[in-house]
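Notes for the structure review
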Amino acid sequence: MSAPAPSVYSTEAQAYAVRLGLTMARANLDVFADTLLALARGDRNVVAVTSDSRGSGKLQPFGEALPEQLFEVGIAEQNLVGIAAGLASVGKRAFAVSPACFLTARALEQIKNDVCYSNVPATLVGISAGVSYGALGSTHHSLHDFAALRAIHNITILAPADNYETSEAVKWAAEHDRPVYLRFGKAKMYGLPRSTGGFCPGQAATLREGDEVALIGTGETVVHCLLAAAKLEAESGLSCRVLSMHTVKPLDVEAVLDATRSCRAIVTAEEHSVHGGLGEAVAGVLAQAGGAPLLKIMGLPDEDTVTGSQADIFRHYGISMEGICAAAVGACEGAEAVR
Amino acid sequence: MTESNALTDDELRLLSVRCRQDVLKYISAAGAGHTGGSLSCVDILNVLYNRVLRVSPETFGDPHRDRYVQSKGHSVEALYVVLAHRGFFPIERLETLCQYRSPFIGHPTRKSPGIEMNTGALGHGLPISVGMALGGKRDNAPFRVFTLIGDGELAEGSNWEAAMSAAHYGLDNLTAIIDYNTLQISGRTRDVCSNEPIDEKFASFGWGVVWVDGHDFAGLTAAASAPARSGKPTCVIANTVKGRGVSFMEDVAKWHHGVPAPDEYEGAMRELTAAEQALLEARR
């Protein structure tokens, strides 16, 4: 039996999770696979297309239950996306499943032209995103996908924070007639508390109210933001707002602007390069807002990324409760200095 | 579903000459376009749209219509002209070709009537067509899927990914037609980067392969009307001449995206008008 993967949450972070009543749930990948299978059982037009990713995409049960609705194309991402576009154009709800790193780099032109430009309802599912394949090195890290796809017209980019957002995102993609990129990792996730129900792409989910610092995460960094908010409030009484920006595009501009009105600092967190992702999207809004609060972008810097487990990489770059706390405090101090 | 109106060989010959005139006319007016490749595939397109494809302006929304995807999107001018003559839109609309906000841009888009998918970047049509054919197979739908690929375009690896999957899934509802004019922008395809032997490559990938004269209507019709249940996708390699129909453009690489100067345009139109007159004379 192999040793369990180290947790991306420090011991202290896990203690704050207990204080917040968070419990460890399933990997978003598992929830994706189950949700897709349930949808496909009820609609034979829902199909999965995989590039030898039946195992890594947890689609084995799907293939066994509905072999007629699963298409295997082998290790060929360009073909994967082209086929998905063709299937979508003849009435299928095609979910093209492949590791995010390959899907969005090798098949970028197919995503741009066959899916987005042709405007067909295909969903591109980037699995094991970010540094999920931490130890496998930069070939397998997906730190460019937000940046690449944000620059492409006509695609909704969804990075769900937890199991709830994942299942809702899959259902939404199946119901809506448009190109979608859905991205998540493979580690088990904390379930996040929600005071308000509903999942609405384009509209950030507020997980915690606060009016001094806004912590805006996307995907699986959101839980780190929430833990950081708890720690900041406990240790320094800082009132933190936490947003799950599950839709990287179109960005919820209003939620960002709302944060600028009351908060003196904003910290963004993402499992992506600091270039071209959530942070720069938020920066783009702030720069046009005038009198904006200080912004700190947490992500992977523009360097030869360290390898190791996902936990090692998160710790190294401070995409963690501790790192986000430090960034928030630093940003607040910077804001004071400016005044 | 309305069957297309099957035209006689004579009628197709005349139609193709007129289409070539229109290709030159609208490319010249626009000052942009892919002349050589358009002239090479006009006959193929006329056979498809007037004899083979079960699609018409009236049935374009029918989910059971046959699909045509032009992978070699660079020759969209030929497709526009053929679609216009088939009644998809009034040909005068091509006066806006490549102009500001025109739906008739320099590569196929679904903004223009009759176009199935946006193409133009090379190596995309076959994977898309495989997806369409797979979807049709799984639904036992009656439609067939056709895609036109340039021979130079076969250098794009995505074609071979798609060729593998088409055979793997036994897509006998799929036909790829190679516009084998042996030229690309930089010269002879065999000199740029030889992809010969194309027939053996497709055959070894599990396709049924047929060679035809890409300007012979009967041969093209027979090849494109292959049996519906062969268990294999079909590759039709159509021997064509780039710039076909205009003596000084034939088999000359520079006409890949050359636009005729006024005197060249006059000369080309004189030749095509003479060809049209000869066909009309022969009818009397």
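Details of the structure are given in the entry above.
About the cut-offs
- Residues numbered from 1 in each chain as written.
- Chains lettered and ligands numbered in written order.
- Predicted model: local features only at pLDDT ≥ 70, side-chain atom pairs only at ≥ 80, totals over all residues.
- Heavy atoms only, no water.
- Pairing = 2+ DSSP bridges.
- Helix = DSSP H or I, 4+ residues; strand = E, 2+ residues; numbered from the N terminus.
- Axes fitted to C-alpha atoms, helices over the stretch in contact; angles between N-to-C directions.
- Salt bridge = Lys/Arg side-chain N within 4 Å of Asp/Glu carboxyl O.
- Buried < 20%, exposed > 50% of the residue type's maximum accessible area, 1.4 Å probe, protein only.
- Core = buried A, V, L, I, M, F, W, Y, C linked by side-chain atoms within 4.5 Å.
- Contact = heavy atoms within 4.5 Å.

1. Comments concerning the sheet that holds strand β5 (residues 122-127) of chain A
All names here are of chain A.
- If you trace the seven strands from one edge of the open sheet to the other, you get β3-β2-β4-β5-β7-β6-β12, paired in mixed fashion. In this open sheet, the two edge strands, each paired with only one partner strand, are β3 (70-72) and β12 (247-249). Ignoring strand direction, the axes of neighbouring strands in this sheet form an average angle of 20°.
- Across three bridges, strand β2 (residues 46-50) lies against β3 in parallel orientation. Along β3, the bridge assignment pairs Val 49 with Phe 71.

2. Remarks on unusual backbone geometry
- With an omega dihedral of -5°, the bond running from Lys249(A) to Pro250(A) counts as a cis peptide bond.
- Note on placement: Pro250(A) falls in the loop between β12 and α10 (253-262).
- Residue Pro197(B) is bonded to the preceding Glu196(B) through a cis peptide linkage, with omega at -10°.
- With respect to the secondary-structure elements, Pro197(B) resides in the loop between α6 (189-193) and α7 (198-204).
- One non-glycine residue, Ser128(A), lies in positive phi territory at about 50°.
- Tracing the sequence through the fold places Ser128(A) in the loop between β5 and α7 (145-150).

3. Here we look at the pattern of salt bridges
All names here are of chain A.
- Under the definition given, this model contains 30 salt bridges over all chains.
- Note that Asp 145 and Arg 183 form a salt bridge whose closest N and O atoms lie 2.9 Å from each other. With Asp 145 in helix α7 and Arg 183 in strand β7 (residues 180-183), this residue pair connects regions lying 38 residues apart in the sequence.
- Using a relative accessible area of 0% as the deciding quantity, one classes Asp 145 as buried.
- The salt bridge partner of Arg 194 is Asp 162, with a shortest N-O separation of 2.8 Å. Of this pair, Arg 194 sits in the loop between β8 (188-190) and β9 (205-208) while Asp 162 sits in the loop between β6 (156-158) and α8 (163-175), and the two are 32 residues apart along the sequence.

4. Considering the nonpolar core
- Within the largest apolar cluster, 60 residues are counted, with the highest numbers of intra-cluster contacts made by Leu174(B), Phe202(B) and Trp207(B).
- The biggest single contributor to this core is helix α4 (residues 77-89) of chain A, with seven residues.
- Those residues within four positions of Trp207(B) in sequence are excluded, and the remaining contacts are Leu126(B), Ala163(B), Ala166(B), Ala167(B), Leu174(B), Ala176(B), Phe202(B), Lys232(B), Pro233(B), Thr234(B) and Cys235(B).
- Membership of the second largest hydrophobic core comes to 51 residues, among which are Leu39(B), Tyr49(B), Tyr68(B) and Phe217(B).

Keep in mind that these numbers describe shape and distance, not what the molecule does.
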